[in-house]
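Fold and geometry: a report
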Amino acid sequence: MTHLEEAVDLARGAVTMLPAESTLMPAAVRTLGQALFALGGAHRDRKRGRAALEEAHDELTERIAARHEARAKDRIAAARLAGRAAGLAGNHTDALAAFERAVGLLPRMAPRELLREDRESGLGAVAGLAAEAAGAATAAGRPGRALELLEQSRALLQSELVGTRTALDVLADREPGLAEEFIALRSRTRAAEALLPATTGPTPGLGPALSDRADARRRKERADDWTDLLTRVRRSHDDFSRFLLPPTLDELRGQAAEGPVVTVYAGPFRSDALVLHPEGDRPVDVVELSGLSWDRALDLVVRLRSACTRIYGEPSYGGRKTAQQDLGKVLGDLWDMVASPVLNACGLGVPPPEGTTLPRLWWCPVGIMAFLPLHVAERYDQTGRGPSVLDHAVTSYTSTVGALAYVRRATGPDEGPGVDEPPADEPAADGRPADRTLIVGLPETPGAPALRSAEGECEALQRLVPDATVLYGPDATHVAVTEAMRHSSVAHFVCHGVSDLRGRGYSRLLLHDHQERAFTVADVSRLDIPHADLAYLSACETTDTAPRFADEALHITAAFQTAGYRSVVGSLWKVQGTLGTRIAEAFYTQLTAAGTRPPHAAGSARALHSAVVAVRARHPLSPGLWAAHVHFGR
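So, here's what we can say about the structure. Nothing here was measured: the structure is a model prediction, and the numbers come from that model. Once a new chain begins, its residue numbering starts again from 1 and follows that chain's sequence as written. For this predicted model, a pLDDT threshold of at least 70 governs which residues receive local features, and a threshold of 80 or more governs which side-chain atom pairs are given and counted, while totals over whole chains, interfaces and linings are taken from all residues. With hydrogens and water excluded, all non-hydrogen atoms of the structure serve as input to the side-chain values.

Elements are defined by DSSP. Helices are runs of H or I of four residues or more, strands are runs of E of two residues or more, and each kind is numbered from the N terminus. Inspection of the secondary structure puts Glu-251 in helix 14 (residues 249–252). The exposure class assigned to Glu-251 is partly exposed, which follows from its relative accessible area of 47%. What qualifies as a polar contact is a pair of N or O atoms within 3.5 Å, subject to a donor-acceptor requirement within protein and to the restriction that residues adjacent in sequence count only when both atoms come from side chains. At 2.8 Å, the side chain of Glu-251 and the backbone nitrogen of Thr-248 are in polar contact. Only protein chains enter the accessibility calculation, which uses a 1.4 Å probe. A residue is then buried if its area is under 20% of the maximum for its type, exposed if over 50%, and partly exposed in between.

Before going further, it helps to examine the nonpolar core. Within the largest apolar cluster, 104 residues are counted, with the highest numbers of intra-cluster contacts made by Val-338, Met-369, Met-485, Phe-493, Phe-560 and Tyr-565. Per-element tally for this core: the top contributor is helix 16 (residues 317–345), with 11 residues. Counting residues in hydrophobic clusters, the runner-up holds 64 residues, among them Ala-79, Leu-106, Leu-156 and Leu-249. Nine residue types can take part in a nonpolar core, namely buried Ala, Val, Leu, Ile, Met, Phe, Trp, Tyr and Cys, and a core is a set of them joined through side-chain atoms within 4.5 Å.

Here we come to the packing of helix 2 (residues 25–42) against helix 4 (residues 72–88). Here, axes are lines fitted to C-alpha atoms. For helices the fit covers the stretch in contact, and angles between N-to-C directions go from 0 to 180 degrees. Close contact between helix 2 and helix 4 brings their axes to 10 Å; oriented N to C, the two are set at 15 degrees. Between helix 2 and helix 4, the interaxial angle falls into the category roughly parallel. Of the two possible hands of crossing, helix 2 and helix 4 adopt the one that is left-handed. When helix 2 is examined against helix 4, the residues Pro-26, Arg-30, Gly-33, Gln-34, Phe-37 and Gly-41 are found in contact with a partner set consisting of Asp-74, Ala-77, Leu-81, Arg-84, Ala-85 and Leu-88. Of the residues in the contact of helix 2 with helix 4, the class split is six nonpolar, three polar and three charged. Every angle not falling under 35 degrees, over 145, or within 65 to 115 is termed oblique; those three ranges are roughly parallel, roughly antiparallel and roughly perpendicular. In this scheme the crossing of two helices becomes right-handed for a clockwise turn of the near helix relative to the far one and left-handed for an anticlockwise turn of less than a right angle. In this analysis, two residues are considered to be in contact whenever any of their non-hydrogen atoms come within 4.5 Å of each other. Residues are grouped as follows: Ala, Val, Leu, Ile, Met, Phe, Trp, Tyr, Cys and Pro are nonpolar; Asp, Glu, Lys and Arg are charged; every other residue, Gly included, is polar.

Turning to the pairing of strand 5 (residues 394–397), a few remarks are in order. Going residue by residue along strand 5, you find Val-394 and Ser-396 tucked away on one face and Thr-395 and Tyr-397 tucked away on the opposite face as well. DSSP-based pairing: two strands are paired if at least 2 bridges between them are found. Sheet analysis places strand 4 (residues 360–365) next to strand 5, joined by four bridges and oriented parallel. Looking at strand 5, one finds that Arg-360 is bridged to Val-394.

Now for helix 22 (residues 577–591). Owing to its 3.6 residues per turn, the α-helix aligns residues three or four sequence positions apart on the same side. To estimate the expected span of a helix, count its residues, drop one, and scale the result by 1.5 Å. Taking 1.5 Å of rise per residue, 15 residues should cover 21 Å, and helix 22 covers 21 Å from first to last C-alpha, within 8% of that figure. Every buried residue of helix 22 is listed here: Leu-579, Gly-580, Thr-581, Ile-583, Ala-584, Phe-587, Tyr-588 and Leu-591. Elements in contact with the buried residues of helix 22: helix 18 (453–464), strand 8 (490–494), strand 12 (534–538), strand 13 (567–571), helix 23 (604–618) and strand 14 (629–633). Of the residues trailing helix 22, Ala-593 is marked for its positive phi of about 50 degrees.

Take a look at the structure:
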């Protein structure tokens, strides 16, 4: 008997001895499942190995995953391992069913009655589930279902926020009473979430412990009210049966009308790109990425971060040059593994003739792929020549396909460079000017290094947008900036950005009073600015987050999208000050037609592309200087 077989027998005995209701049962069954999974994968006899995998699937499903009284965390872990076992055994239908069960349980990991930080932690504990579920659906021959599962299992908190903002119009027309209840409950929830425990202290008249219990009780009451209200809305009319539920494939495919939307994932068993099309019998094409795996994706991320750190940290020119070369190798591997096969599948494998308007493409990276610069993947030689995504298409990012639908609400299609005339000046829906620009600049920030490029960048932008509202230095406080954002459609920030890997609530932009009141991702996400059009974040690492939060898009760039900005320019890593200013100036020069009109935000993706290509032409062998800038949104 092998050690694995002995481990299976011991684990099976423990499961048999324990009462079904024992609190130790989930751990015992999971241990049995892991032992069977290992045995099945390693067994020389394929028939016996498959039998072990099938037993693992059955035990995990029947004893934990399908038991409604078990904890959600235990059920998800069991369903996930059951899906892996079924997939390895070749039972792809059973594997998909197991992963569908796991994804369906995700909302229970982040119920509304928990504090926001606790909800984030719950979702972070199941990181990687989305890619595995998509892989199972694709292996089962259902790529459309794979895309639906990806939408259902990522950016849950972001979707919850934006859903409560965009779902009211039709509801108000059909069920005005329910709409009024919805607005009132949403207002109560927003007010409660804005009162952070760290700043408000205990409830008056109660000690800390009793205050915490009172707050928890109120959160539970609000969560129950949400459940009751959503149930009544969905039952009120057939058109509302999917009110605030994840989108279906038919609802998603319209987002590919302006160009393919490519969702890329790297899983433990398979890696694919799912290309969404707006029409036809095959709405989703599968591009199998045979050269990519989760381990290889992780290797790319590690190499990328090492190179970026050395580009700005190496004291010698030779060390910095080597780091740039290492970054170039990462971009080359990305081209080979992902970009080249995707572009070929999209019919974009050959660059358009010079002078031709480039087509659009949206990247929707999943999990670990969100840390990689797909938009600048290229395979070049030491002369700086070779195939590059930049020469084939203008690409943007979106955290989910549903997020792309949100930023496109009530807007027209992307404006190409041939559309030079902006729309006629119109007031925003609330009567404020739709083209007002805010510039926030902090050359000196308390408790942070001086930002030498901030002064020059702000001056350049003021020349191009002379009527902009400017909050500079000590004037750029939390209250002043937040209020000015509510009155502006374009917001440009030149300041320090801090990506804190502890979680969403801690990543922030450093305003003048950041030591007293931080301008965090949580603060930005709570804003609701219907007329917001463009945010340009000239700050470092605004799109970075902890790996366990990658599927939730818990970073500064996504927070501005959640606040309502249809386009957001951010950065994947540290940005060199002088060249960052050059890119920003070229960006606004194109958007404002050299200062002759307000920024035409609909062309922001093309403007950023042009600015980056111009810097790349001067520094082709130094991608660390121009590859960090990313465009999110329409």
